[in-house]
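Residue-level structural notes
Single-letter residue listing:
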Amino acid sequence: MTPTARTKGTSGAETGRKTLSVLSLFTGSRPTWTVAELAQELGLTTSTAYRYVGLLREEGFLESATDSAYRVTARVLDLAAAHTASRTDIVDIAVPVMTRLRDEVGETVLIARRAGDYAYCVERVESQQAVRLQFRRGQAMSLHSGSIPRTLLAYMPRGERERYVASVDAQVASDTHRALLTPEALDELARTGRTESFEEIDPQIWGCAAAVHAPGGEVLALGTAGPVYRLQDADRARIQERIADAARQITDALAVAG
């Protein structure tokens, strides 16, 4: 597919524009490209595509995925973090609620949003326990495992959701986990806006999450996780209620902030 010709643009910026066009093709649904594929997609000669890929490699944005294909590097997380930092309305509203919640439940609390086929940590308030889960801002998580990513998966458009679930079927290790990814189970999660997880990512780790609804229709997920040995049945039930209540508080505050 050849891009539509531009009628206006910054004079002398064609190289930069094409380089950014190459970088923008790397998405969650298409994470690797060969130079030949990039050239065909953008209507470039192979030698020109090599030049743009070489520039992106020099600047640390691309690296080899296989002998012939390339992928983005962790440097793009800096861009995601910059995007997150610019969304001060969500962070400023969520952090006080998350801090109170962390103090009540004793575990790390985080809020995440979806971009493409991944969930990304927007902000986190870490537990003060000696043994705790740690997340960094901008950390990517697969959508099909864990209560927070799975909450975001449930709110994807049905067609995108079904395409994603089919693409990761081979990565799902158990029938119990697979049952959480059926259309019926995900529809129910989207209806209730809350869920829990047990050992979906790491052994002996339990977690729960609830949906946060932001103005404009975006859905984020607020959640927590911790080791099972210090989270008995009564603790888990209490934490689930507190997570759901905190998600409603953030949703209501975002609506007022507009």
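Residues numbered from 1 in each chain as written. Predicted model: local features only at pLDDT ≥ 70, side-chain atom pairs only at ≥ 80, totals over all residues. Heavy atoms only, no water.

1. Let's talk about the overall build of the protein chain
What the protein chain contains, in helices and strands, is 10 helices and nine strands. Among the 258 residues that make up the protein chain, the fraction classed as buried is 43%. Considering only intrachain contacts with a sequence separation of at least 6, the fraction spanning at least 24 residues in the protein chain is 55%. By element, 52% of the accessible surface of the protein chain is carried by carbon and sulfur atoms, the whole surface being about 13,500 Å². (Helix = DSSP H or I, 4+ residues; strand = E, 2+ residues; numbered from the N terminus. Buried < 20%, exposed > 50% of the residue type's maximum accessible area, 1.4 Å probe, protein only. Contact = heavy atoms within 4.5 Å. Areas by Shrake-Rupley, 256 points an atom, 1.4 Å probe, with all protein chains shown as cover.)

2. Digging into the pairing of strand 7 (residues 194-198)
Of the two faces of strand 7, only one is covered, namely that formed by Thr-195 and Ser-197; the face formed by Arg-194, Glu-196 and Phe-198 stays uncovered. Adjacent in sequence and paired antiparallel, strand 7 and strand 8 (residues 205-213) are bridged by six residues, among which Glu-199 carries a positive phi angle near 60 degrees. (Pairing = 2+ DSSP bridges.)

3. As for helix 2 (residues 35-42)
Because each turn of an α-helix spans 3.6 residues, side chains separated by three or four positions end up pointing in the same direction. Along helix 2, the residues that are buried comprise Val-35, Leu-38, Ala-39 and Leu-42. Taken around the axis of helix 2, the buried residues stretch over an arc of 100 degrees, which confines them to a single face. Looking at the buried residues of helix 2, the elements they touch are helix 1 (14-24), strand 1 (33-34), helix 3 (46-58) and strand 3 (69-72). Remark: Gly-43 follows helix 2 within two positions and exhibits a positive phi of approximately 70 degrees. (Arc of directions from axis to C-beta.)

4. Describing the pattern of salt bridges
Summed over all chains, the structure comprises 20 salt bridges. Between Glu-104 and Arg-242 there is a salt bridge whose closest N-O contact spans 2.4 Å. Here the residue Glu-104 occupies a position in helix 5 (residues 88-105), and Arg-242 occupies one in helix 10 (residues 233-257), the gap between them amounting to 138 residues. Using a relative accessible area of 39% as the deciding quantity, one classes Glu-104 as partly exposed. Between Glu-218 and Arg-113 there is a salt bridge; the shortest N-O distance is 2.7 Å. Taken together, the positions of Glu-218 in the loop between strand 8 and strand 9 (219-227) and Arg-113 in strand 4 (residues 109-115) put the pair 105 residues apart, joining distant regions of the chain. Taken together, the shared-partner salt bridges connect Glu-104, Arg-242, Asp-245 and Arg-248 into one network. (Salt bridge = Lys/Arg side-chain N within 4 Å of Asp/Glu carboxyl O.)

5. Section: unusual backbone geometry
Positive phi, close to 60 degrees, is recorded for Glu-199, a residue that is not glycine. By secondary structure assignment, the location of Glu-199 is in the loop between strand 7 and strand 8. The class for Glu-199 is partly exposed, based on a relative accessible area of 34%. Positive phi values are uncommon outside glycine, yet Gln-204 reaches one of about 60 degrees. Note that Gln-204 resides in the loop between strand 7 and strand 8.

6. Some words on the sheet that holds strand 4
Within the open sheet, the six strands sit side by side as 6-5-4-9-8-7. Their pairing is antiparallel. Only two strands of the sheet have a single neighbouring strand rather than two, namely strand 6 (140-142) and strand 7. This sheet shows a mean twist of 30 degrees between the axes of neighbouring strands, independent of strand direction. In the packing of helix 10 onto the sheet, the strands contacted are strand 7, strand 8 and strand 9, and the crossing angle to strand 8 comes to about 25 degrees. (Axes fitted to C-alpha atoms, helices over the stretch in contact; angles between N-to-C directions.)

7. A closer look at the nonpolar core
What tends to happen in soluble globular proteins is that the nonpolar side chains get buried as a cluster. The biggest cluster of nonpolar side chains holds 28 residues, and the ones touching the most others in it are Ile-111, Val-212, Leu-222 and Ile-250. Secondary-structure elements contributing two or more residues to this core are helix 5, strand 4, strand 5 (118-125), strand 8, strand 9 and helix 10. Ignoring anything within four residues of it in the chain, the contact list for Ile-111 reads Ala-94, Met-98, Tyr-120, Cys-121, Val-122, Glu-123, Val-212, Leu-220, Ala-221 and Leu-222. (Core = buried A, V, L, I, M, F, W, Y, C linked by side-chain atoms within 4.5 Å.)

8. What to know about the confidence of the model for the protein chain
Per-chain confidence: the protein chain averages 86 in pLDDT, with 90% of residues scoring 70 or above. Considering each helix and strand of the protein chain separately, the mean pLDDT is smallest for helix 4 (residues 76-86), with a value of 65, and largest for helix 9 (residues 183-192), with 97. A low-confidence stretch, residues 1-12 stays under pLDDT 50, and its non-local contacts, those more than four residues away or across chains, total 12 contacts. (pLDDT = per-residue confidence, 0-100.)

9. Describing the environment of Thr-45
Locating Thr-45 in the fold gives a position in the loop between helix 2 and helix 3. Remark: the alpha-carbon pair of Thr-45 and Val-35, spanning 10 residues in sequence, is separated by 9.7 Å. Of note is the side chain of Thr-45, whose polar atom sits 3.3 Å from the side chain of Ser-47. (Polar contact = N/O pair within 3.5 Å; in protein donor to acceptor, adjacent residues only side chain to side chain.)

10. Some thoughts on the packing of helix 2 against helix 3
Running from N to C, helix 2 and helix 3 point in directions that differ by 110 degrees, and their axes come no closer than 9 Å. As summarised for this structure, helix 2 and helix 3 are arranged roughly perpendicular, according to the angle between their axes. For the pair helix 2 and helix 3, the sense of crossing is right-handed. Here Val-35, Leu-38 and Ala-39 of helix 2 lie close against helix 3, whose contacting residues are Thr-46, Ala-49, Tyr-50 and Val-53. Here the contact of helix 2 with helix 3 is built from residues that sort into six nonpolar, one polar and no charged. (Parallel < 35°, antiparallel > 145°, perpendicular 65-115°, else oblique. Left-handed = near helix turned anticlockwise from the far one by under 90°. Nonpolar A, V, L, I, M, F, W, Y, C, P; charged D, E, K, R; others polar.)

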